[in-house]
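Residue-level listing of the chains:
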Amino acid sequence: MPANSIGRAIAFELSFLLLPIAGGVLLATLGVKLVWILALMLAPALARNLYYLTRLALLIRRQHRLAPPFPRGLWGEVYRSIARYQQRGRKSRKRQIRFTRRFREAANAVPDALVILDKHHRVEWANPAAAKLMNLRWSEDDGRLFTDILTNPGLDALIDAGDYTRPLEVAPEHNRAIILSLRITPFGERKRQRLVVGRDITKIYHLNMIRRDFVANASHELRTPLTVISGFLESLQDAPGTPVAHRRPLTLMRNQTDRMCSIIEDLLTLSRLEMHDSPEEQESVDIPDEIHLIVQEAQALSNGRHRIRARVDEDLLLIGSEPELRSAFSNLVFNAVKHTPEGSHIEITWHDAESGPRFTVEDNGPGIAPEHLPRLTERFYRVDRARSRESGGTGLGLAIVKHVLNRHEARLTISSELGHGSIFSCTFPQHSALVRREVDISATG
Ligand SMILES: Nc1ncnc2c1ncn2[C@@H]1O[C@H](COP(=O)(O)OP(=O)(O)OP(=O)(O)O)[C@@H](O)[C@H]1O
Ligand SMILES: [Mg+2]
């Protein structure tokens, strides 16, 4: 409100008072009683204020729009200001309606199912795609429990656990032919509501199955002929009748066949790991014992060319699959031996860190350039193909490690700097840790 318009309004109010004052003075000179004079002087101002106040109260109460003509003076300023507020409110409401409409149109156009759940996991809203993908119709299903509509044992557990970091793949009951990938995100006030996004991944799922089955079948079919070839090569190598000139090519052939066998074994291991999300056999694994064995094997592999040291919490065990954990840990330790030069130091640690039990392999070898780090766990990915092949590496080791850790809800972190070595850490969830004494007591009791 500009200052000069306020000034004008005050001047008007004063001029409005001047007339009654002049009349009062006149009446005083005529000898009229003071009470009457005062009453007559104040009456017009009181009546005017009462009128505009009542009018304003009624307009606001009936939610009417304040429109010109406005009264003069300060009342005019009050009316005008309220009219301006009303206009601003109307504009922002319109903006909000437009925004909501656009959001709803966008949500309706999304091919993924979107569902909003309240804090008790009851349906608050869903887009049309939810009808096709989840058999959930809004607004008919408004207020129904989400887990009553999309029934799946994994879903109940996922919603109750509150750990939404991984998507859940489900085949909905109303249409078993589709595979949905469900992602749940807490949102809203104090993050108590849930946004469920269901994506149709049927095609990707089937392609993945075809790839997995193909790799598993092809590897399986190749294993037997290769074993036969390798066996015959060995016999030929050792046979006294084999000409000396043939010995070297036979040795090379045997080495390459062995390499192929180890690739096939790794591919089969990966296929096996992919078949199920979590290890079939969960047991208490004596990790300290495993590490001591792995260190011995690593020393044999290194043949005195590396300094290997292990710092192990002897009482810290883990619940998981023994062969899988052994394969993952030995992969990391053997990598440190295979991919670092002579004289390198390798340090293996197993301890209970703040975030959970942790296995670490640290070396002071050549390190890995940052651009390779995100791709290291891909199948067949090697930083230096030529050098890795020389050391017999196929690039499947870290892919196996990642799979094994996923199945144990563990995390692999790799930090490395060129020229300063590498650190590979596996951090397990706290709930999978076991203390040796507890195991002994339960075993004897
Ligand atoms: N400690 C390390 N120091 C330097 N480079 C490493 C280290 N560990 C792994 N790498 C690099 O990461 C690549 C991938 O490792 P991965 O274990 O997957 O395969 P690999 O060791 O070559 O073969 P495989 O383990 O299948 O026999 C390796 O080829 C190597 O280049
Ligand atoms: Mg390896």
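Only a predicted model underlies this, so the values are computations on that prediction, with no experimental measurement involved.

Rules of the game
Residues numbered from 1 in each chain as written. Chains lettered and ligands numbered in written order. Predicted model: local features only at pLDDT ≥ 70, side-chain atom pairs only at ≥ 80, totals over all residues. Helix = DSSP H or I, 4+ residues; strand = E, 2+ residues; numbered from the N terminus. Rg over C-alpha atoms; globule rule 2.2 N^0.38 Å. Buried ≥ 20, exposed ≤ 12 C-beta atoms within 10 Å, placed from the backbone. Contact = placed C-beta atoms within 7 Å. Pairing = 2+ DSSP bridges. Axes fitted to C-alpha atoms, helices over the stretch in contact; angles between N-to-C directions. UniProt positions renumbered as here; feature names shortened; annotations may be inferred. Expected span 1.5 Å × (residues − 1). Arc of directions from axis to C-beta. Parallel < 35°, antiparallel > 145°, perpendicular 65-115°, else oblique. Left-handed = near helix turned anticlockwise from the far one by under 90°. Nonpolar A, V, L, I, M, F, W, Y, C, P; charged D, E, K, R; others polar. Near = placed C-beta within 6 Å. Core = buried A, V, L, I, M, F, W, Y, C linked by C-beta atoms within 7 Å. Domains from an automatic or database assignment.

1. Some words on the overall build of the protein chain
Phase 1 of the analysis: Of regular secondary structure, the protein chain possesses 13 helices and 13 strands.
Phase 2 of the analysis: Computed over C-alpha atoms, the radius of gyration of the protein chain comes to 40 Å, more than 25% over the 22 Å expected from 2.2 N^0.38 for 445 residues, which places it beyond the range of a compact globule.
Phase 3 of the analysis: When its C-alpha atoms are laid out on the principal axes, the protein chain stretches across 150 × 55 × 55 Å.
Phase 4 of the analysis: Residues classed as buried in the protein chain amount to 19% of the 445 residues present.
Phase 5 of the analysis: Counting contacts in the protein chain only where the partners sit at least 6 residues apart, residues at least 24 apart contribute 57% of the total.

2. Here we look at the sheet that holds strand S5 (residues 193-200)
Phase 1 of the analysis: Strand order in the open sheet made by the five strands is S2-S1-S5-S4-S3, with antiparallel pairing throughout. What marks the edges here is a single partner per strand, and that holds for strand S2 (123-126) and strand S3 (168-170). Going from strand to strand, the sheet's axes swing by 25° on average, the running direction of each strand aside.

3. Some points on unusual backbone geometry
Phase 1 of the analysis: Put simply, Pro-68 and Pro-69 share a cis peptide bond, and its omega is 5°.
Phase 2 of the analysis: Within the secondary structure, Pro-69 sits in the loop between helix H2 (34-61) and helix H3 (73-109).
Phase 3 of the analysis: In the segment running from Trp-138 into Ser-139, the intervening peptide bond is cis, with an omega of 20°.
Phase 4 of the analysis: Of note, Ser-139 is situated in the loop between helix H4 (129-134) and helix H5 (146-149).
Phase 5 of the analysis: Its identity is not glycine, yet His-121 carries a phi of approximately 65°, on the positive side.
Phase 6 of the analysis: One can find His-121 in the loop between strand S1 (113-117) and S2.
Phase 7 of the analysis: The phi torsion at Phe-380 lies on the positive side, around 65°, for a residue other than glycine.
Phase 8 of the analysis: Positionally, Phe-380 belongs in the loop between strand S10 (356-363) and helix H11 (385-390).
Phase 9 of the analysis: The partly exposed category is assigned to Phe-380, around which 13 C-beta atoms lie within 10 Å.

4. Structural notes on the sheet that holds strand S6 (residues 283-285)
Whether parallel or antiparallel, the strands of a sheet pair through hydrogen bonds between backbone atoms.
Phase 1 of the analysis: Pairing is antiparallel in the open sheet, where three strands are placed in the order S6-S8-S13. Every other strand in the sheet has two partners, leaving S6 and strand S13 (433-435) as the edge strands with one partner each. Neighbour-to-neighbour, the strand axes of this sheet turn through a mean angle of 40°, independent of strand direction.

5. Side note on the environment of Ala-328
Phase 1 of the analysis: Residue position: Ala-328 is located in helix H10 (residues 322-338).
Phase 2 of the analysis: The spatial distance from the C-alpha of Ala-328 to the C-alpha of Leu-226 is 25 Å, given a sequence separation of 102 residues.
Phase 3 of the analysis: Excluding its chain neighbours within four sequence positions, the residues that come into contact with Ala-328 are Ile-400, Val-401, Val-404, Leu-405 and Cys-426.

6. Let's talk about the UniProt feature "transmembrane region" (unreviewed entry) in the protein chain
Phase 1 of the analysis: The feature "transmembrane region" (unreviewed entry), as annotated in UniProt, sits at residues 9-28 and 34-53 in this numbering.
Phase 2 of the analysis: Segment residues 9-28 splits into 100% helix and 0% strand. End C-alpha atoms: 29 Å apart.
Phase 3 of the analysis: Counted over residues 34-53, helix gives 100% and strand 0%. Its end C-alpha atoms are 28 Å apart.

7. A closer look at helix H9 (residues 287-302)
Phase 1 of the analysis: For H9, spanning 16 residues, the distance from its first C-alpha to its last is 22 Å, which sits close to the expected 22 Å at 1.5 Å a residue.
Phase 2 of the analysis: Among the residues of H9, those classed as buried are Ile-287, Glu-290, Ile-291, Ile-294, Ala-298 and Ser-302. Buried residues in H9, looked at end-on, bunch into an arc of 105°, giving them a common side. H9 presents Gln-296 and Ala-300 as exposed residues on the side facing more than 90 degrees away from its buried surface.
Phase 3 of the analysis: In this fold, the buried residues of H9 make contact with S6, strand S7 (307-312), strand S8 (316-320), H10 and strand S9 (345-353).
Phase 4 of the analysis: Just past H9, the residue Asn-303 takes up positive phi, approximately 60°.

8. Section: the packing of H10 against helix H12 (residues 397-407)
Phase 1 of the analysis: Direction vectors running N to C along H10 and H12 enclose 140°, while the axes themselves pass 9 Å from each other. By the angle class used here, H10 and H12 are oblique. As H10 packs across H12, the resulting crossing turns out to be left-handed. Only Gly-397, Leu-398, Ile-400, Val-401, Val-404, Leu-405 and Arg-407 of H12 make contact with H10, whose side of the interface consists of Glu-324, Leu-325, Ser-327, Ala-328, Asn-331, Leu-332 and Asn-335.
Phase 2 of the analysis: Of the residues that constitute the contact of H10 with H12, the class distribution is eight nonpolar, four polar and two charged.

9. With respect to the pairing of strand S4 (residues 180-187)
Phase 1 of the analysis: With three bridges joining them, S3 and S4 adopt antiparallel strand pairing. Considered in S4, the bridge of Glu-169 is made with Ser-181.
Phase 2 of the analysis: As paired elements, S4 and S5 share eight bridges and run antiparallel to each other. Bridge pairing in S5 places Phe-187 opposite Gln-193.
Phase 3 of the analysis: Between S4 and S5, which pair antiparallel one after the other, the connecting turn spans five residues, and Gly-188 there sits at a positive phi close to 80°.

10. What to know about the site of ligand 1
Phase 1 of the analysis: Around ligand 1 sit 24 residues, and of these Arg-382, Val-383, Gly-393, Gly-397 and Leu-398 come closest.
Phase 2 of the analysis: Of all the secondary structure elements, the ones that give two or more residues to the shell around ligand 1 are H10 and H12.
Phase 3 of the analysis: The greatest single-element share of the shell around ligand 1, amounting to four residues, is contributed by H10.

11. Regarding the nonpolar core
Phase 1 of the analysis: Grouped together as the largest cluster of nonpolar side chains are 36 residues, with contacts concentrated most on Ala-328, Phe-329, Leu-332, Val-333 and Ile-400.
Phase 2 of the analysis: Within the residue set of this core, elements represented by two or more residues are helix H8 (244-275), H9, S8, H10, S9, S10, H12 and strand S12 (421-427).
Phase 3 of the analysis: Top contributing element to this core by residue count: H10, with eight residues.
Phase 4 of the analysis: Split by domain, the residues of this core number at least three in each of domain 3 (204-275) and domain 4 (283-438).
Phase 5 of the analysis: Beyond its immediate stretch of four places on either side in the chain, Phe-329 contacts Glu-290, Ile-291, Ile-294 and Phe-359.

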